[in-house]
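# Tertiary structure, described
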Amino acid sequence: MPTTQSTATLRSQPPIETGARPGVFRRVLEVVGVQNISLLMAIALVVAVIGSQNALFFTVGNLRVIGTAIAISGLLAVVQTIVIIMGALDISVGSIAGLTSVSSAMIFTATGPFLGVVGAVGIGMLCGLLNGCIIVFGRVNPVIATLATLAAYKGVAQLISDGRAQGYTGADGFFVFLARGSILGVPTLILVLVIIALLAHVVLRYTSIGRNIYAVGGNDIASRLAGININRYLIGVYVATGAVAAIAGVLITARTGSGQPVSGSEGLELEAITAAALGGAALKGGKGTIAGTILAVILLGILTNGMTLLGVNSFWQNVAKGALLVLAVVIQQLRSGERRIGLPG
Amino acid sequence: MVKTIAPAASGIDPAPPGTVMLSATGIEKSFGPVRALQGVQLELRAGEVTALMGENGAGKSTLLKILTGDLQPDAGTLTLAGTEVRFTDPRQSRLAGLRVIAQEPEVLLHVSVAENFYVGAIGRQGLMFNRAALLARADSDLRRYGFEKVIRPETLGSALSPAQRQIVEIMRALVDSPSVICFDEPTSSLGDEEVVILFTLIRQLRDEGVAIGYVSHRMQEIFELSDNITVLRDGKFVGTKTTADTNHDDLVRMMVGRDLSQFFHRDPVLPGETVLELRGVTNSHVTDIHLEVKAGEVVGVSGLVGAGRSELMKTIVGDLRVDSGELLMGGTTMSFKAPADAIAAGIGFAPEERKAEALLLKRSVRDNVALARLRSLSRWIFVRAADEKALAAEYIARLGIRTPSSEQLVGNLSGGNQQKVVLARWLATHPRLLVLDEPTRGVDVGAKSEIYAIIDELAQAGVAVLVVSSELPEVIGLSDRIYVMAGGRITGELARDHVTEEQILALAMDESAADPDLSTSLS
């Protein structure tokens, strides 16, 4: 018998061990958060295991490889976190990245690097706008809406490119700088991720926009009654997601030297959602941080890199990635202390 | 008791009246550092109704959860019919013959009332279940307990009112023929007529030898129904009294440890200009509403459940559309497209369903207080953290919100304090009109009187206040004028000086004024 007790008595937080020493440890825990502490411990563990097996892991070169490898999926994970905090989901980010990758290369070939990037971002925003409008005005569940556009945007990318890689950006200074350049020794790819992540962090943490995003995800009726225009926020966040997915698409083009309709971006949505969930974003909305997501992205990057170094078959790597998403959500559910009966809401 | 096809039900023979069926002694329970229950005791006897009283946060709900096995006590013993028991799961207590009727029952929305009754215990014939037999059985059970006019077996769960859901929950419990039943504030969502039916049922069960526990905030009910009263305060056992040997003041003193002689203190001020005026407002929920609220006035809206009161409030605050008629604020005709427009016009709104419609339970008190005026706390888009903190601190102090800090999650506060957080959110916007839908529902006596004081203070300061309440003494004590609604219409307007509960009830049940299509005729 489900007993939803409404009289709010002392509904305590998930039981935190009180026996441990309070003081410093407790305070660190509060500032950093239990979620992030466990991620840091997981990272330390994985680094120790892989490092002990293969000395190559600790070389500067390999750290750069990890850093540049996580930049693209990291960008998508950051925006996905915002979407999830708002109580929605965007499965189409990978397809948008593919579409913008190929279109940036095509526009570049016709005009030049500047319009190539601007055009790609414009197309990404249009894709996001369409997602948002389907959800808001068509009253379609976000998962279904973006599942549909996942297929549709991929189709458009294949149509305009005839299914082949397009253009050649490998000789262009700007694209080369994006892919292999660096500022003060930090690769450009990582810088792009750092900038977008910081931007998202500041917006979520310190602005009224961020507060309202948490509010909409936490309780949409209350948000509406408090005067928040929910539709505007939904559409806005999807447009922003489209724009960042487009930046990811441009980076894919830069790294591979040509526009990739599918191959560079397929499966990125899975990685993005896994990272957000692992980083503590609640799939029911209202909860999550960029810091947590970034830690999760690093953990995933190290894992992938480590598995490759240790010679794990890439098919098994896919199995591992899927298992990790399940694990992340299971941990989340257990931590939320909800009853283990019936279908999760 | 009820005949069941299912084998699971444990038909326990009725014990002789007066036998202690359930006894809890020395119950202790802590959540982290918070001691929710300390040395609490409770006895429920066969054939008697024992009321459990106490302010919110006194530990009543925690105690009920321990009885059912939803929570495990840190110390103490539970005995059921003489044997010591230890439940780790609500199902175990259910099989042992103990049921708690939840305050907000869960109902399966897409199946009929009959299927809802016997969920988990539906009889089968081979692989099929016999729908006609099920409906007939539900019908006879409804008749047996006198609910046949209130609820039909074939109605879908999604079409049920809160009151009807409560009845479904009760019927579900009766299927198991329990020997102990606890009701957790069963009347908070019921209309007066349904309360009468419920009481008849409880008395019937009592006479059949069931031991009954009854949690309620309503004094009148307790005196009408109970044989004994157990009072908790701040998680401690205060005492058990025989109902006949105690009185209202006595109980209030036991519950709050202080006298509430000036429960309703209103200093009516001379009303100022008209703030809100409705001229013939009509939409799919309400019809031809004429109403006005002046500055410094507290105006009550009364009526039975389903009379359209909440819908009227949502129309005023821009959440429901006005189809025809006019809504004026300060003499200017308004057309609100969304609540944001109403907020801009100076309207604040505390809805009926505090948790579902007002609060961000996983966010801090500070966040919740600032929500409706974030823009004015921000420089461009950046929230000025210091100003926000100061605002929260100001209202925590002003409304006496009991919270360890402004960073506490609202979900961890008690009902009364949560309601104060909602009030704080709207007071922070400095509204000209404050609309309060059931501001004291599920709130304890102490917090109630504080909320009344806040309302009075607001009126003194010239705010126009519109209050919906199902509790007649509250509406009468609080309001300068009262509108009564029935079937989506206003059936009468009463002035403060000479209003009685009987007058309000007569107007609330004035079915002649009600449009038959609109009335959700429960009565």
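Now for a quick tour of the structure. (Residues numbered from 1 in each chain as written. Chains lettered and ligands numbered in written order. Predicted model: local features only at pLDDT ≥ 70, side-chain atom pairs only at ≥ 80, totals over all residues. Heavy atoms only, no water.)

## Notes on helix 13 (residues 290-309) of chain A
Cut-off, in case you're wondering: The helix and strand labels rest on DSSP assignments: H or I over at least four residues marks a helix, E over at least two residues marks a strand, and numbering proceeds from the N terminus. To estimate the expected span of a helix, subtract one from its residue number and multiply by 1.5 Å.
In this model helix 13 of chain A runs 28 Å from its N-terminal to its C-terminal C-alpha over 20 residues, within 8% of the 28 Å that 1.5 Å per residue would give. Directly after helix 13 of chain A, the chain includes Gly-311 of chain A, whose backbone phi takes a positive value near 75°.

## Quick look at empty space enclosed by the protein
Residue and element names in this part refer to chain B. Going by this rule: In this analysis the probe radius is 1.4 Å and the grid spacing 1 Å, with only protein atoms considered; a cavity is a set of points the probe fits into but cannot get out of, a pocket is an open set with protein on both sides within 12 Å along at least five of seven lines, and lining residues have an atom within 4 Å of a point. Grid points are joined across faces, edges and corners, and a volume is the space filled by probe spheres set on the points. Each residue receives one of three labels: charged for Asp, Glu, Lys and Arg, nonpolar for Ala, Val, Leu, Ile, Met, Phe, Trp, Tyr, Cys and Pro, and polar for the others, Gly being one of them.
Under the criterion given, the structure shown has 8 cavities of 30 Å³ or more. Taken as a whole, the largest cavity holds about 150 Å³ of empty space. Lining of the largest cavity is provided by 14 residues; of these, Glu-185, Ser-188, Arg-218, Gly-442 and Glu-471 occupy positions nearest its centre. Tallied by class, residues from the lining of the largest cavity come to 1 nonpolar, 7 polar and 6 charged. Taken as a whole, the second largest cavity encloses approximately 120 Å³ of empty space. Taken together, 14 residues form the lining of the second largest cavity, with Gly-191, Asp-192, Gly-303, Leu-304 and Ser-470 sitting closest to its centre. The greatest single-element share of the lining of the second largest cavity, amounting to 3 residues, is contributed by helix 17 (residues 501-508).

## Side note on the pairing of strand 7 (residues 180-184) of chain B
Residue and element names in this part refer to chain B. Using the following cut-off: Each residue gets one of three labels from its accessible area relative to the maximum for its type: buried under 20%, exposed over 50%, partly exposed in between, using a 1.4 Å probe on protein chains only. Only when DSSP finds a minimum of two bridges between them are two strands counted as paired.
Counting buried positions along strand 7 gives 5 out of 5 residues, so the element sits mostly inside the fold. The side-chain alternation of strand 7 yields two buried faces, one formed by Val-180, Cys-182 and Asp-184 and the other by Ile-181 and Phe-183. Examined bridge by bridge, strand 6 (residues 98-101) and strand 7 share 4 bridges and lie parallel to one another. Directly across from Arg-99, in strand 7, lies its bridge partner Ile-181. For strand 7 and strand 8 (residues 211-215), the ladder comprises 5 bridges, and the chain directions are parallel. Within the sheet, the bridge partner assigned to Phe-183 lies in strand 8 and is Tyr-214.

## Re the packing of aromatic side chains
Counted only if it meets this: Each Phe, Tyr or Trp ring, with Trp reduced to its six-membered ring, pairs with another whose centre is within 6.5 Å; inter-plane angles below 30 degrees give stacked pairs, above 60 give edge-to-face pairs, and intermediate values give tilted ones.
Enumeration over the complete set of coordinates arrives at 7 aromatic pairs over all chains. For the pair Phe-183 of chain B and Tyr-214 of chain B, a centre-to-centre distance of 6.4 Å together with 50° between the ring planes defines the contact as tilted. On the criterion of sequence distance, the pair formed by Phe-183 of chain B in strand 7 and Tyr-214 of chain B in strand 8 is long-range, its members being 31 residues apart. Take Tyr-214 of chain B: its relative accessible area is 1%, and that puts it in the buried class. Geometrically, the ring pair formed by Trp-380 of chain B and Phe-382 of chain B is tilted, given 5.9 Å between the ring centres and 55° between the ring planes. Exposure remark for Phe-382 of chain B: the relative accessible area of 34% places this residue in the partly exposed category. An aromatic cluster of at least three residues, connected via ring pairs, comprises Phe-108, Phe-174 and Phe-175 of chain A.

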